[in-house]
Amino acid sequence: MNTQITSTALSHRYCGRMFTDSDLATIRRIIASPQEHPTRAAIARAMCAALGWFKSDGLPKVMSARVALLRMQEDGLLSLPAATHSYTPPRGTVFTAASDPQTEMRCSSSELASLTLHRVITSGDSIWWSLMSRQFFFLL
């Protein structure tokens, strides 16, 4: 648990910030307004605004707030609404025989006069992604 005792009250450190009991009460009030802040992301944005938690460029520290909220929930300090989306990690490229290296072709530039290029639409084209991934790994 990320808890530290101070001379005035119990405080908790998450993501490099100390949260006082007053801060936690503010966060709980935000969570208790589901019509105004229906998602965890909305809660994190409201939390940043209410607590003045901003980066040096003036933008709210939303990702740090989201991590802090999850850790606070793990420590039993508050209860968040259920997640609206589940995280699915990106699937790695599956290499198939279709993308295996082929025999090198050599020709003169005059033989390329009739070469035609076609735009490739890549949505869901696993062979294209496999070929591009193999090329990328080859360059590394």
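Since the structure is predicted, the reported quantities are computational estimates derived from the model, not experimental observations.

What counts and how
Residues numbered from 1 in each chain as written. Predicted model: local features only at pLDDT ≥ 70, side-chain atom pairs only at ≥ 80, totals over all residues. Heavy atoms only, no water. Salt bridge = Lys/Arg side-chain N within 4 Å of Asp/Glu carboxyl O. Buried < 20%, exposed > 50% of the residue type's maximum accessible area, 1.4 Å probe, protein only. Pairing = 2+ DSSP bridges. Helix = DSSP H or I, 4+ residues; strand = E, 2+ residues; numbered from the N terminus.

## Side note on the pattern of salt bridges
Then, number 1: This model, assessed by the stated rule, comprises one salt bridge.
Then, number 2: Here arginine 106 makes a salt bridge to glutamate 104, at a shortest N to O gap of 2.9 Å.
Then, number 3: Relative accessible area serves as the criterion here: at 74%, arginine 106 is assigned to the exposed category.
Then, number 4: Residue classification places glutamate 104 among the exposed residues on the basis of a relative accessible area of 57%.

## Digging into the pairing of strand E2 (residues 10–14)
Every regular strand shows the same layout, with side chains that alternate between the two sheet faces.
Then, number 1: Across four bridges, E2 lies against strand E3 (residues 17–20) in antiparallel orientation. By the bridge assignment for E3, histidine 12 is matched with phenylalanine 19.
Then, number 2: Between E2 and E3, which pair antiparallel in sequence order, lie two residues; one of them, cysteine 15, sits at a positive phi of approximately 50°.

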